Amino acid sequence: MQTCEANIKTASYPSGLRITDMRFTDIVGAPMDCTVLRIDTNQGISGYGEIRDFSNRFYALELKRLILGENPCYINKIFHKIRQFGGHARQGGGVSGIETALWDLAGKAYGVPVYQMLGGKCRDKVRVYCDTDVSGKHTGRDMGLALKSRMESGYTMLKMDLGVDLLVDVDGALNAPLGYVEQMRKHNREELSFGITDKNVTDFMNTQHPFTGLSITELGLDYLEDYVKQARDMVGYDVPLAIDHIGHVNYQSCLKLAKRLEKFNIFWMEDCVPWFYTDQWKVLSDSTTVPMCTGEDIFGRDAFRPLIENRAVSVIHPDVLTAGGIGESMRIIEMAEEKGIAAAVHMAETPVGCMAAAHVCTAAGDNLLAMEYHAHDVAWWDSMVKGSSRPIVQNGWLELTDRPGLGIEELDDEVLAEHINPKRPGVWESTEEWNHEWAHDRIWS
């Protein structure tokens, strides 16, 4: 009888769950380069997580030794154990991806959706806004047509790219040390925005905004102002319109641009300067009526606190896969709500990252505005979820079911294999070599 009870406790109940493995699949075009992770257990239950887009699996692999043998339902315990290894931006991907998979596992073990474990629904469906860009040389009217197409697809809130990449070929639009603008012209828009697609661009793009010496001239401001006017004329003034990807220019240029754009009722202006320059964010917020927004590169509530407590921004913008995962994102949004600051959740990942963000948004409080979405034009995106019968995002909204965990029972390995990253081939291959790595990790004496 004792043997039977022992088997039940270790093989059939959540209290007997233990983590036995962690594996990965890297894909491209979803719409970014994305890494999905899977945590396996001794009871055959698996949980999915995701490492932030354009990051790397090694941020999670280094933590495998710390989670093997743990009960995945003890989310707080494991998070406290691994959070010291989380960094900002893509460096937060390992901790955040593992934490997300733990919520999926716990929900599946107990048979409840993640949002229920977060306290239940605050809304039946989540408003989704679709980021919009237009490739190649184009006008504000072209952007307006693209935005109008989003509206026709049901989106009730819009965001568009607007920044110095539009000005690199406009003579006299940018002011910088001679040769700098010519160097910008050598790189495509994605490289100018992120500096991530080619390691040769890294040094050029790793100079923080205040130190580039780059500013926008009056001619450049005229150009951007007219560009936004053309776009607004196409979509009208009833729909909220946010702007992103300003570029690595000083905050004085951002302030001049914001004041030019006030007449267009911009919903928010995003990532004007690095997130950690709280004083500059405060100056921007106090000097213009355009709401300021940042946060997708911030790991952990402590790093959000200065922006929130100083009311340096009007909107915080955490990415669940950088911020520390599902639980930490909820704490950050709640902290912002206490100070009267709105929240929008950044999301540019696969259905796994999307569902993690959606559960946070479903359970978040009244300050939640919307969730971002980048995959509207990726035809195969939904098919990554095995047995998917309807689009995850429909008519600009996302409505969660009552399926346990994240709501993804299984990913379709055949679809993943069709879009495998050629630089990191293999679907769910063994990571056994990481099981017994060791380091003296304690950060205090």
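Residues numbered from 1 in each chain as written. Predicted model: local features only at pLDDT ≥ 70, side-chain atom pairs only at ≥ 80, totals over all residues. Heavy atoms only, no water.

1. A closer look at the overall build of the protein
Cut-off, in case you're wondering: The numbering of helices and of strands both runs from the N terminus, where a helix is a DSSP run of H or I of at least 4 residues and a strand a run of E of at least 2. Here the radius of gyration uses the C-alpha set of atoms, whereas the globule reference equals 2.2 Å times the residue count to the power 0.38. The buried label applies to any residue whose accessible area, calculated with a 1.4 Å probe on protein chains only, is under 20% of its type's maximum; exposed applies above 50%, and partly exposed to all values in between. Per-residue accessibility takes into account occlusion by the displayed protein chains alone, with areas from the Shrake-Rupley method and a 1.4 Å probe. His is not counted, nor are the chain ends; Lys and Arg add positive charge and Asp and Glu add negative charge. Throughout, a charge is located at the NZ atom of Lys, the CZ atom of Arg, the CG atom of Asp or the CD atom of Glu.
When you go through the protein residue by residue, the secondary structure sums to 18 helices and 14 strands. Rg of the C-alpha trace for the protein: 22 Å, near the compact-globule value of 22 Å for 445 residues, within the 12% margin. Expressed as lengths along the three principal axes of its C-alpha atoms, the size of the protein is roughly 85 × 45 × 45 Å. Across the 445 residues that make up the protein, the buried fraction comes to 56%. Only carbon and sulfur atoms are counted for the fraction: they give 48% of the accessible area of the protein, which is about 18900 Å². Side-chain charges of the protein comprise 44 positive and 64 negative groups, with the mean position of each set lying 3 Å from the other.

2. Some points on unusual backbone geometry
Residues other than glycine predominantly adopt negative phi, and peptide bonds predominantly adopt the trans conformation. Here the bond from alanine 30 into proline 31 is cis, since omega is 0°, no more than 30 degrees from zero. By the element assignment, proline 31 lies in the loop between strand E1 (19-27) and strand E2 (34-41). With a phi close to 65°, histidine 245 is a non-glycine residue in the positive phi region. Structurally, histidine 245 can be placed in the loop between strand E8 (241-244) and helix H12 (251-261). A relative accessible area of 22% means that histidine 245 is categorised as partly exposed. The phi torsion at aspartate 271 lies on the positive side, around 55°, for a residue other than glycine.

3. Overview of empty space enclosed by the protein
Put simply, the test is: In this analysis the probe radius is 1.4 Å and the grid spacing 1 Å, with only protein atoms considered; a cavity is a set of points the probe fits into but cannot get out of, a pocket is an open set with protein on both sides within 12 Å along at least five of seven lines, and lining residues have an atom within 4 Å of a point. Grid points are joined across faces, edges and corners, and a volume is the space filled by probe spheres set on the points.
Taken as a whole, this structure holds 2 cavities of 30 Å³ or more when the rule is applied. Considered as a void within the structure, the second largest cavity measures approximately 40 Å³ in volume. Along the walls of the second largest cavity sit Ile75, Asn76, Phe79, Glu99, Trp103, Gly327, Glu328 and Arg331, which together make up its complete lining. Every element with two or more residues in the lining of the second largest cavity is listed here: helix H4 (75-82), helix H5 (93-110) and helix H16 (326-338).

4. So, the layout of surface pockets
Where we set the bar: Amino acids are sorted into nonpolar (Ala, Val, Leu, Ile, Met, Phe, Trp, Tyr, Cys and Pro), charged (Asp, Glu, Lys and Arg) and polar (every other residue, Gly among them).
Computed from the structure, the second largest pocket encloses a volume of approximately 320 Å³. Taken together, 17 residues form the lining of the second largest pocket, with Val385, Ser388, Ile392, Arg403 and Gly407 sitting closest to its centre. The residue inventory of the lining of the second largest pocket, partitioned by class, reads 7 nonpolar, 5 polar and 5 charged.

5. With respect to H16
Which entries qualify depends on this criterion: To estimate how far a helix should extend, the number of its residues minus one is multiplied by 1.5 Å.
The end-to-end C-alpha distance of H16, which contains 13 residues, comes to 19 Å, matching closely the 18 Å that a straight helix rising 1.5 Å per residue would cover. Those residues of H16 not exposed but buried are Ile326, Gly327, Glu328, Ser329, Met330, Ile332, Ile333, Met335 and Ala336. Phi turns positive one or two residues past the end of H16, at glycine 340, with a value near 75°.

6. A short note on the pairing of E2
Threshold: Two strands are counted as paired when DSSP detects at least two bridges linking them.
Most of E2 sits out of view: 8 of its 8 residues are buried. Taking every second residue as pointing to the same face, both faces of E2 are buried, with Cys34, Val36, Arg38 and Asp40 on one and Thr35, Leu37, Ile39 and Thr41 on the other. Where E1 lies against E2, 8 bridges are found, and the strand directions are antiparallel. Bridge pairing links threonine 25 to valine 36 in E2. Hairpin remark: E1 followed by E2, antiparallel, with 6 residues in the connecting loop; positive phi at glycine 29, about 75°. Relative to strand E3 (residues 46-51), E2 runs antiparallel, the two being bridged by 6 bridges. Counted as the bridge partner of leucine 37 is glycine 49 from E3. With antiparallel pairing between neighbouring strands as the criterion, E2 and E3 make up a hairpin whose turn holds 4 residues, including glycine 44 at a positive phi of roughly 80°.

7. Comments concerning the packing of aromatic side chains
This is how the line gets drawn: Side-chain rings of Phe, Tyr and Trp (the six-membered ring for Trp) are treated as a pair once their centres are within 6.5 Å; stacked means planes under 30 degrees apart, edge-to-face means over 60, and tilted covers the remaining angles.
Counting across every chain of the model gives 7 aromatic pairs. Relative to tryptophan 428, the ring of tyrosine 48 lies with its centre 6.1 Å away and its plane at 40°, an arrangement referred to as tilted. With a gap of 380 residues between them, tyrosine 48 in strand E3 and tryptophan 428 in the segment after helix H18 (413-418) connect regions that are remote in the sequence. Comparing tyrosine 48 with tryptophan 428 shows no difference in burial state: the two are buried. Ring centres of phenylalanine 267 and tryptophan 268 lie 5.5 Å apart, and the angle between their planes is 25°; this geometry places the pair in the stacked category. Judged by relative accessible area, which is 26%, phenylalanine 267 ranks as partly exposed.

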